[in-house]
Amino acid sequence: MNIMQVNPKMGDTTARRPGLWLPLGLLFASALPDAMVVPVLHDLMVVRYGVSPAASHAFMCINLVGAILVIGLIGRLRQLGTSGSPGKIIAVAALVNALLLALMALPIGFSLTLFVRFLEGAADLIVYAFLFDYLAKAGPNESKGQRMGAAATCLMLGIATGIGLGGWIGSINPVFALWIGAISCLFVAPIALQIRTIVVGESSNETTADSQSQPSLRGPLWPSLVMMFSDRAVVGVLISTVPLFLASRAGLSSGEIGSLIGVSMLMTALGAWPAGRLSDRIGPLRLRLFAGLVYAIAFASIVFTAMESTTMLACAMLAFGIAGAALFASSLMTVVQSGLGPSGMAAYHTSGNLGFLLGPVCAGLTLKYFGGPGIGVYVAIIGGTALMHAISTTIVLFGTSLAWRRLKMPPSDDAELATDLASS
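Residues numbered from 1 in each chain as written. Predicted model: local features only at pLDDT ≥ 70, side-chain atom pairs only at ≥ 80, totals over all residues. Heavy atoms only, no water.

**Some points on the overall build of the protein**
Part 1 of the argument: On a plain count of helices and strands, the protein comes out with 17 helices and two strands.
Part 2 of the argument: Put simply, 81% of the contacts in the protein that link residues at least 6 apart link residues at least 24 apart.
Part 3 of the argument: Summing over all exposed atoms, the protein offers an accessible surface of approximately 18,100 Å²; the carbon and sulfur share of this is 68%. (Helix = DSSP H or I, 4+ residues; strand = E, 2+ residues; numbered from the N terminus. Contact = heavy atoms within 4.5 Å. Areas by Shrake-Rupley, 256 points an atom, 1.4 Å probe, with all protein chains shown as cover.)

Here is the structure:
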């Protein structure tokens, strides 16, 4: 991937656009701030402002509300990004994000901190939506899966790095996590100005023109929302309920639990790029079918493998992480096929945040009201979550197949599978 490339349709006089490494790097840097506050949440809220642990959870959730409310604005911003510079929109949003993070680092009180966090969630989503949309359009259709996989890898690595960095910085001073997050956003703002235009690759010009002139040729958005919601709901249960089970029922140490979940997340991050390339070859629908089966089975097996041996559990977690990478790539490809640009990306990420929130909430309520001394409630939660994901995969596969079957030009790589599913 060249650092600078030229639009082949406009010749040597056209403005150059940055290569993929620049937006991928910005995506990595943008993922750091929110992740950095995770390990210092207790110190930032409970210790600093004297609120209860339950109230401190509002800090991690209120930005979701801001992200939901800003979706309507992204359509207008998209018009500015198409006719002008998406880089300017990303830069302004990153600058606002930096200012809001710096404001939260000041002793402004818990209530005002929640309001600022609400605004920060809106700015955060704008950055993600336009960066992902730029990457989707920054090359030919034939390699969209590869680009989306690379974007997923950079996002996941940014989150993992942010959590580790936040823990290290928080040991010095938890407020430093907010200041470093603000600096990270300040780093993003000026560099994002290099993204001057959204350039569609030469081999995708015809397809893009067709989708604009014939909106019916676009794929539906709802499958990607269902995908992201269910995928993130499972991850939410993985990082909240599964550690409780592994510690209280399987007798694993904190180090063992952290290593097992960390390896799973690492496999998702590193596997997203090759999974995206595989999606280009076999199609996101077929990739979703096989990866979804492995994902649900591996997650459901956690209860039983944990009671047998750590080695068997590690194998299940590896399979779960690799399948998660494929699911991430397939859902990103599906939202790209909707043709809705930043608005679709914003709805996609918001749906994931909702799943990430509701998954642990439902699991927590189940533990509260039905928890007992045995492992039965954990079997119900983990097995029920896996079943929910399997059902959502089935709904997505058949719904998407029927939708593409109504169109004259279904995605070539998934056409055979779509026809088979829709006619069965």
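**A look at the packing of helix α1 (residues 21-36) against helix α7 (residues 144-170)**
Part 1 of the argument: Where α1 meets α7, the axes come as close as 7 Å, and the angle between the chain directions of the two elements is 40 degrees. Classified by the angle between their axes, α1 and α7 sit oblique to one another. Here the hand of the crossing between α1 and α7 comes out right-handed.
Part 2 of the argument: Grouping the amino acids of the contact of α1 with α7 by side-chain chemistry returns 16 nonpolar, four polar and no charged. (Axes fitted to C-alpha atoms, helices over the stretch in contact; angles between N-to-C directions. Parallel < 35°, antiparallel > 145°, perpendicular 65-115°, else oblique. Left-handed = near helix turned anticlockwise from the far one by under 90°. Nonpolar A, V, L, I, M, F, W, Y, C, P; charged D, E, K, R; others polar.)

**Structural notes on helix α14 (residues 310-337)**
Part 1 of the argument: With 28 residues, α14 extends 41 Å between its outermost C-alpha atoms, agreeing within 8% with the 40 Å of an ideal straight helix rising 1.5 Å per residue.
Part 2 of the argument: Trailing α14 by a residue or two, G339 shows a phi angle of about 70 degrees, which is positive. (Expected span 1.5 Å × (residues − 1).)

**Thoughts on the side chain of E120**
Part 1 of the argument: Structurally, E120 is set in helix α6 (residues 110-137).
Part 2 of the argument: Residue classification places E120 among the buried positions, given a relative accessible area of 0%.
Part 3 of the argument: If sequence neighbours within four positions are ignored, E120 has contacts with D34, N63, N97, L100, L101 and M104. (Buried < 20%, exposed > 50% of the residue type's maximum accessible area, 1.4 Å probe, protein only.)

**Some details on the confidence of the model for the protein**
Part 1 of the argument: Averaged over every residue, the pLDDT of the protein is 83; residues scoring 70 or more account for 83%.
Part 2 of the argument: Ignoring residues within four places in sequence, the model shows residues 1-17, a span with pLDDT below 50, making 26 contacts including any to other chains.
Part 3 of the argument: This model gives residues 408-413 a pLDDT under 50, and the stretch forms 12 contacts once residues within four places in sequence are excluded. (pLDDT = per-residue confidence, 0-100.)

**Quick word on a nonpolar patch on the surface**
Part 1 of the argument: The grouping of V65, I68, L69, L354, L358, V361, L365, Y369 and F370 at the surface amounts to a nonpolar patch, some 860 Å² of accessible area in total.
Part 2 of the argument: Mapped by element, the contributors of at least two residues to the nonpolar patch are α3 (53-69) and α15 (341-370).
Part 3 of the argument: When residues in the nonpolar patch are grouped by element, the largest group, six residues, is from α15.
Part 4 of the argument: Relative to the assigned elements, F370 resides in helix α15.
Part 5 of the argument: Residue classification places F370 among the exposed positions, given a relative accessible area of 64%. (Patch = residues over 30% accessible without salt bridge, like charges linked within 9 Å, V, L, I, M, F, W, Y side chains within 5 Å. Salt bridge = Lys/Arg side-chain N within 4 Å of Asp/Glu carboxyl O.)

**What about the packing of aromatic side chains?**
Part 1 of the argument: Scanning the entire structure with this criterion turns up five aromatic pairs.
Part 2 of the argument: When the ring of Y295 is compared with that of F320, the centres are 4.4 Å apart and the planes differ by 15 degrees; the resulting orientation is stacked. Within this pair, whereas Y295 is found in helix α12 (residues 284-300), its partner F320 is found in helix α14, the two being separated by 25 residues in sequence.
Part 3 of the argument: With relative accessibility at 3%, the residue Y295 sits in the buried group.
Part 4 of the argument: Aromatic ring contacts, followed pair by pair, group Y295, F299 and F320 into a single cluster.
Part 5 of the argument: The ring of F356 is capped by R232, whose NZ or CZ atom sits 4.4 Å from the centre of that ring. (Phe/Tyr/Trp six-rings, centres within 6.5 Å; stacked < 30°, edge-to-face > 60°. Lys NZ or Arg CZ within 6 Å of the ring centre and 35° of its normal.)

**Some points on the environment of S392**
Part 1 of the argument: Looking at the secondary structure, you find S392 in helix α16 (residues 376-405).
Part 2 of the argument: The exposure class assigned to S392 is buried, which follows from its relative accessible area of 8%.
Part 3 of the argument: For the pair S392 and G292, spaced 100 residues apart in the sequence, the C-alpha separation amounts to 9.3 Å.
Part 4 of the argument: Once residues within four sequence positions are removed from consideration, S392 is found in contact with V226 and S230.

**Things to note about the pattern of salt bridges**
Oppositely charged side chains may form a pair once their charged atoms are brought near each other.
Part 1 of the argument: Considering all chains together, one arrives at four salt bridges under this definition.
Part 2 of the argument: A salt bridge links D34 to R117, with the nearest nitrogen and oxygen atoms 2.9 Å apart. With D34 in helix α1 and R117 in helix α6, this pair connects stretches of sequence that are 83 residues apart. For the pair formed by D34 and R117, the shared burial category is buried.
Part 3 of the argument: Through salt bridges with shared partners, a single network forms among D34, R117 and E120.

**Side note on the packing of helix α11 (residues 254-282) against α12**
Part 1 of the argument: Following both chains from N to C, one finds α11 and α12 inclined at 120 degrees, their axes separated by 7 Å at the closest point. On the basis of their axis angle, the class for α11 and α12 is oblique. Of α12, the residues touching α11 (which contributes A275, L278, S279 and I282) are P284, R286 and L287.
Part 2 of the argument: In the contact of α11 with α12, the residues fall into five nonpolar, one polar and one charged.

**Quick notes on helix α8 (residues 175-192)**
Part 1 of the argument: For α8, with 18 residues, the first-to-last C-alpha span of 26 Å sits near the 26 Å given by 1.5 Å per residue.
Part 2 of the argument: Within α8 the residues assigned to the buried category are V175, A177, L178, G181, A182, S184, C185, V188, A189 and A192.

**Digging into the environment of V188**
Part 1 of the argument: With respect to the helices and strands, the residue V188 is situated in helix α8.
Part 2 of the argument: Residue V188 is classed as buried on the basis of its relative accessible area, which comes to 1%.

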